[in-house]
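Architecture and fold: a report
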Amino acid sequence: MSLSGPAKEIQSLRGRFLDLINLRPGEEERTLLMFAFYTATSMGILWLEVSSAALFLGQYGAASLPWIYIFSAGVGLGLSVVYSWLQRLFPLRRVIVIIAMLMAVPILGFRWGLTIPWLAAPMVFSMRLWIEAIYGLNDLNLSVTANQLFNIREIKRAYPIISSGNLVADVISGFSVYLLLKLIGLQNVLLLSFVVMVVGAAILYHLSRNYEHAFPDSPRRQAEDAESVESFRSRQRLQGPIRQYVVLLFSFFVLAQMLLFSIEFQFFNQLETSLDVDAIAAFLGFFSGLLGLIELFTQWFTSSRLIEREGVFTVALVLPSVIVVIGVITLVASYPVRMGLMAMFVGLIVLKFFDEWLRYTLVATTRPILFQPIPDQVRSTVQSWVGGIAEPLSMGGTGVAILVTIAVCNRIGLVDTLVQARLFLLGTVVAALVWFAIMVLLRSRYLNLLVRGAERGLLTFSDANLRVLKRAFIEQLEKPGLDANKRSCIELLSHIDPKNVGEILAPRLADLPPALQRQSLEAMLEHPNPAYTDQVQTLLEVPHQAPEILALALRYVWLAQERFDINDLRPYLPPEVDAVVRGTAASLMLRRGNLQERAEATATLRKMLVHDEERERVMGCRALGEADYMESLSIYIDDLLQDPSLRVRRAILEAIAATQYKKYYPSLLKALQYKSTREAAVAALTRLGNEALPMLQELALDSYRPEILRNQAWQVIGNIGTVPALEFLIQNLITTWGSTRRHILRILLSLYQEVGVKRSVLIDGALDRMLGRSGIEDLLNTELAFAGQMLAAKVDLAANRVAGTEADLLREALDGLQADATERLFMLLRFVSPATAIQAAQVSLSGSAAQWARGIEILDNVVDVANKRSILILLDRRLDADKLKLLALSTPLIPYGAMLPRDRLRQLLDLRNFLSDWAVACCFHLARVQRWNLTAEHTLASLQHPTGFVREAVLAYLAVASPRALRELLPLMQQDTDPLVLAQVKQLLNTYNLEPSPSAG
């Protein structure tokens, strides 16, 4: 149902407003409710703080602030215990409301106490104490609630708006508190602060009811909590990165709060020294109001966009850098005697300004994001622990440090206020440098945990210690257990350390069952070693040994030793000996015997190759492959290639490759076409190496050959993996498109990601030499531009503009093309970014909203290509039209101007070489039913398309759009190789009463 004019206008205004504040549809209600709650609560706290600050400085002085920090730490720890205890009694959605009310209730007591003269002084102290304690509790309550309501990507957009509630409260309270104190008095200001904090709690209650599904349904009981803590400790022991991250996170918040309180102490100390009580109250109000306005505009229009563009940690590092710079400048400027005090006063006001500005905009926005990599089941526990313990601890630690520093200075005679101020400022600069270093370490752990969470515990061989693995393999092979497990151990060992596999397997051959003996000997034959011939020789002496094991052992002994006696092979040549042993002995005699001995071996093999039994012929073919040459027996190859037995045909293909018999190389390519012999042909061609490259390259580039056959050719080229093969793959990666490029990328990635294999070094060198990083980025840009074209086509050919089955089919084809481009983007990103991280992100993007957000966050942190922002926009969950608009603004690769559907279709056909065969066919079918005119270039070029159904679609289009041209073209199409096209041509000839060409058919 279409919207009316006013409704459309309202929706348009709503969309523009959301764009302005960088929110998505569906996020605004949660965000605004959280903003209203935080604004009301913060306003009450700030009214309480500003009205009591002047009273406290007048009553106790700035020198008493350290005691406030120490006592507030105790109160804060107590409140964190209460927070944790309440979670065991009530569901979390109730706890957050109770905490909001708990912060407000003591204000009534303060109001009453200030009316009693002998209680006034303790009440002033208590008010300041309570304010310092509940600041952290309020932020903790906000952070816990936000992490329940938003995922990691939503928080980046929504949290700057939510946390700006504190800035709005700064503006309102800063500019109004002085006026309120004059008009209604302190007691009524306190009552007003209580009222607005209760309003904030009511909003939080409403939000917890509306979004009840986002919170746990039941309280965390004592037993469950203990189990959770124990489970978390266990995970910490098993997963070192989590423990390291939590420790760094704890240190991050401790230092953040220590710097906050240190700068605050120095700021108030300078105010007390330079201003009287009335001036302090007026200055604080103006300072808070002005700062709040600047913070508000920063938070609304800058923070979220800056964090999304530059990343969490790049933005977070700004504050410690600024503290260091301003601190050093102030220290230097304070040394001239005449301007020392003034420089220190101005410097600390500027430092306080920037600290408040950046802390409550950029740093505050990152707070909940830093907890996202921690597993969901323990995140709230860690968050409560850090917020409830780290911050109060840092408050108390700062107070103690200040008192100790003052005491030491007084004791050694440094009583000058300027000297002490310099000392405190120097300590602040040092702490900021440490904070900077912790942030850098935190960044690497943050990304590592995100990837680990997305990978869900996947492990690669590169993570394992080889010696530890070998010990595990030995233990697995020696202890009783399933043969399947031991088989897996042997297979894994032969993969990760093929040259030294005999070191573990040879001493244990005699104790292994026959099936595992055979597998072990096959693995050891890849790299025969004379050191293990004695252990293998014992297998030849076992009575009634299995023929397969006897043949493998015989071959290993003869290939490993340097000196031999050919007469030792003759006992294995008589017909009564099993065919596999007889064939092995004959092949070894062919390889190492003299002319007479080779003739004897050839006679034995000739009988095997023409034997009536399949097994004899198979073993004869295998023996040919194990020999050095087969020229004397080549007369049998044609018959063996046509043998009724599939096993024989496969065996002779392997023999052709093993002996490099060039005359029959075409037979290897022909065998690729058939499913039954494809595997054997692939293995044979791979074995030929560079010698097979010319014919494989010709096959791979022949667009008129079946796609499955061309893909097999590309795969074999990748399997060969030599420098010429890799250079050919990379060269064609640049020039090919669509499914061919995707297939080449898969092959290159499989080589690129091999660990400890020589080919991985070759692929690195070939990529650097032929492409380099700039070449990879160029390929990424082409994929991005293509995806943009597909988006533009989907928008201009949307269902509300073009209807019908053919249009639906084209839109589905465009979806598939965009998905293919996205897949190729991910493949290319693995060459310039950590492959495991990219893979984890790709898997996450296909999951739930939370998993998708985690995947985008991983990409945002690991990808550093020029058009990263455009890639993230492409992967975003937005409407196609919105994506296209943002992409057109973010990169010149995707210019967009709206087109009429028929013009967009023509542009698609201009890109036909980049489209899939099915998409091209759909374009012609849509043009046919919509009666849109296409150019002669489009039709004539597509009539020569290698895919039959595309030619069929063009003919169907011409039958409607240009029957006259079709009559001229039909005689030329009578030689088409596709039976469906031929049938269509015959039908059209009958329709137009045209005579078939005499040469047709």
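Computed from a prediction, not measured in an experiment: that's the story for all the values here. (Residues numbered from 1 in each chain as written. Predicted model: local features only at pLDDT ≥ 70, side-chain atom pairs only at ≥ 80, totals over all residues. Heavy atoms only, no water.)

1. Looking at the overall build of the protein
To keep things clear, this is the line we draw: The way it works is that DSSP assigns letters per residue, a run of H or I at least four long becomes a helix, a run of E at least two long becomes a strand, and they are numbered from the N terminus. Here the Shrake-Rupley method, with its probe set to 1.4 Å, supplies the accessible areas, and only the displayed protein chains count as covering residues.
Scanning the protein from N- to C-terminus turns up 46 helices and zero strands. For the protein, the exposed surface amounts to about 44900 Å²; the carbon and sulfur share of it is 58%.

2. Comments concerning the side chain of Thr 41
Rules: Only protein chains enter the accessibility calculation, which uses a 1.4 Å probe; a residue is then buried when its area is under 20% of its type maximum, exposed when over 50%, and partly exposed in between. In this analysis, two residues are considered to be in contact whenever any of their non-hydrogen atoms come within 4.5 Å of each other.
With respect to the element layout, Thr 41 can be found in helix H2 (residues 28-59). Its relative accessible area of 1% is what places Thr 41 among the buried residues. Not counting residues within four places of it along the chain, the set of residues in contact with Thr 41 comprises Met 103, Asn 138, Val 196, Met 197 and Gly 200.

3. Concerning the nonpolar core
Keep this limit in mind: Throughout, nonpolar core names a set of buried Ala, Val, Leu, Ile, Met, Phe, Trp, Tyr and Cys residues whose side chains join them through atoms within 4.5 Å.
Met 524, Leu 685, Leu 696 and Leu 859 are the most contacted members of the largest nonpolar core, which has 178 residues in total. Examining the composition of this core, we find that 13 residues originate from one element, helix H36 (residues 805-832), more than from any other. Excluding residues within four positions of it along the chain, Leu 685 makes contact with Leu 668, Leu 669, Leu 672, Ala 692, Met 695, Leu 696, Val 716 and Ile 720.

4. Looking at the pattern of salt bridges
Spelled out, the test is: The term salt bridge refers to a pairing of a side-chain nitrogen on Lys or Arg with a carboxyl oxygen on Asp or Glu at a separation within 4 Å.
Taken as a whole, this structure holds 23 salt bridges when the rule is applied. Across the pair Asp 796 and Arg 904 runs a salt bridge whose closest N-O atoms are separated by 2.8 Å. Taken together, the residues span a long stretch of sequence, with Asp 796 in helix H35 (residues 772-796) and Arg 904 in helix H41 (residues 901-910) at a distance of 108 residues. Residues Asp 796 and Arg 904 agree in their burial class; the two are buried.

5. Quick word on the environment of Arg 830
We count it as follows: For the purposes of these results, a polar contact is taken to be a pair of N or O atoms within 3.5 Å, where, inside protein, one atom must be able to donate a hydrogen and its partner to accept one; residues adjacent in sequence count only when each atom of the pair is a side-chain atom.
As for its position among the elements, Arg 830 is in helix H36. For Arg 830, a relative accessible area of 15% corresponds to the buried category. Distance in space between the C-alpha atoms of Arg 830 and Val 863 is 9.4 Å, their sequence separation being 33 residues. Side-chain polar atoms of Arg 830 contact the side chain of Gln 842, separated by 3.2 Å.

6. Some points on the side chain of Ser 844
Mapped onto the elements, Ser 844 comes out in helix H37 (residues 835-845). For Ser 844, a relative accessible area of 6% puts it in the buried group. One polar contact links the side chain of Ser 844 to the main-chain carbonyl oxygen of Ala 840, over a distance of 2.9 Å.

7. Things to note about the packing of H35 against H36
Condition: Every axis corresponds to a line fitted to the C-alpha atoms, with the helix fit spanning only the stretch in contact, and the corresponding angles, defined between N-to-C directions, vary from 0 to 180 degrees. Relative orientations are named as follows: roughly parallel for angles under 35 degrees, roughly antiparallel for angles over 145 degrees, roughly perpendicular for angles from 65 to 115 degrees, and oblique for any other angle. For a crossing to be left-handed, the near helix must be turned anticlockwise from the far one by less than a right angle; the clockwise case is right-handed. Residues are grouped as follows: Ala, Val, Leu, Ile, Met, Phe, Trp, Tyr, Cys and Pro are nonpolar; Asp, Glu, Lys and Arg are charged; every other residue, Gly included, is polar.
Look at H35 against H36: their axes get within 9 Å of each other, and the N-to-C directions meet at 160°. With respect to H36, the element H35 is oriented roughly antiparallel. The element H35 and its partner H36 pack so that their crossing is left-handed. Here Arg 773, Ile 776, Leu 779, Leu 780, Glu 783, Leu 784, Phe 786, Ala 787, Met 790, Leu 791, Ala 793 and Lys 794 of H35 lie close against H36, whose contacting residues are Leu 814, Asp 815, Leu 817, Gln 818, Ala 821, Arg 824, Leu 825, Leu 828, Leu 829, Phe 831 and Val 832. Tallied by class, residues from the contact of H35 with H36 come to 17 nonpolar, one polar and five charged.

8. Digging into the confidence of the model for the protein
Put simply, the rule is: Each residue gets a pLDDT score, which is the predictor's confidence in that residue and runs from 0 to 100.
Taken over all residues, the pLDDT of the protein has a mean of 78, while the share at 70 or more is 82%. Confidence, expressed as mean pLDDT per element, reaches its minimum in the protein at helix H9 (residues 222-238) with 40 and its maximum at helix H42 (residues 917-930) with 93. In the model, residues 755-759 has pLDDT below 50 throughout and makes seven contacts with residues more than four positions away in sequence or in other chains.

9. Details of helix H33 (residues 738-752)
Which entries qualify depends on this criterion: Multiplying one less than the number of residues by 1.5 Å gives the expected span of a helix.
In this model H33 runs 21 Å from its N-terminal to its C-terminal C-alpha over 15 residues, within 8% of the 21 Å that 1.5 Å per residue would give. Buried residues dominate H33, accounting for eleven of its 15 residues.

10. Here we look at unusual backbone geometry
Although it is not a glycine, Arg 931 sits at a positive phi angle of roughly 55°. Relative to the elements of secondary structure, Arg 931 occurs in the loop between H42 and helix H43 (936-943).

11. Brief notes about the environment of Tyr 556
Relative to the elements of secondary structure, Tyr 556 occurs in helix H22 (residues 547-560). Look at Tyr 556 and you get buried, because its relative accessible area is 1%. As a C-alpha pair, Tyr 556 and His 527 span 29 residues in sequence and 9.4 Å in three-dimensional space. When sequence neighbours within four positions are dropped, the list of residues in contact with Tyr 556 reads Met 524, Leu 525, His 527, Pro 528, Asn 529, Tyr 532, Thr 533 and Val 536.

12. Some thoughts on the packing of aromatic side chains
For clarity, the cut-off: Planes of paired rings set the category: under 30 degrees apart is stacked, over 60 is edge-to-face and the rest tilted, where pairs are Phe, Tyr or Trp rings (Trp by its six-membered ring) whose centres lie within 6.5 Å. In this analysis the charged atom, NZ for Lys or CZ for Arg, is taken to sit over a ring once it is within 6 Å of the ring centre and within 35 degrees of the ring normal.
Tallying each qualifying case throughout the model produces eleven aromatic pairs. Aromatic side chains Trp 714 and Phe 728 sit 5.5 Å apart centroid to centroid with 20° between the ring planes, which places their arrangement in the stacked category. With Trp 714 in helix H31 (residues 707-720) and Phe 728 in helix H32 (residues 723-735), the pair connects residues that are 14 residues apart, well separated along the chain. Relative to Tyr 957, the ring of Phe 924 has its centre 5.9 Å away and its plane inclined at 65°; by these criteria the two rings are edge-to-face. Linking Phe 924 in helix H42 with Tyr 957 in helix H44 (residues 948-961), this pair joins segments that are 33 residues apart in sequence. Among the residues examined, Tyr 957 registers a relative accessible area of 3% and is labelled buried. If you follow Arg 422 out to its NZ or CZ, it ends over the ring of Tyr 335, 4.1 Å from the centre. Against the face of Trp 737 rests Arg 824, its NZ or CZ located 5.0 Å from the ring centre.

13. Looking at the environment of Met 790
Along the chain, the position of Met 790 falls in helix H35. For Met 790, a relative accessible area of 0% corresponds to the buried category. Sequence separation between Met 790 and Leu 908 is 118 residues; the distance between their C-alpha atoms is 8.5 Å. Those residues in contact with Met 790 that sit more than four places away from it in its chain are Leu 814, Leu 817, Gln 818, Leu 908 and Leu 915.

14. Considering a nonpolar patch on the surface
Let me state the cut-off plainly: Residues qualify for a patch when their relative accessible area is over 30% and they have no salt bridge, like charges being joined within 9 Å and the nonpolar side chains of Val, Leu, Ile, Met, Phe, Trp and Tyr within 5 Å.
Nonpolar side chains collect at one region of the surface, where Phe 17, Leu 20, Phe 175, Phe 286, Leu 290, Leu 293, Phe 297 and Phe 301 lie side by side and expose about 750 Å² of accessible area between them. Among the elements of the structure, helix H1 (5-20) and helix H11 (277-310) are those that each provide at least two residues to the nonpolar patch. The element best represented in the nonpolar patch is H11, accounting for five residues. Looking at where Phe 301 falls in the secondary structure, it is placed in helix H11. When its relative accessible area of 32% is taken as the criterion, Phe 301 is described as partly exposed.

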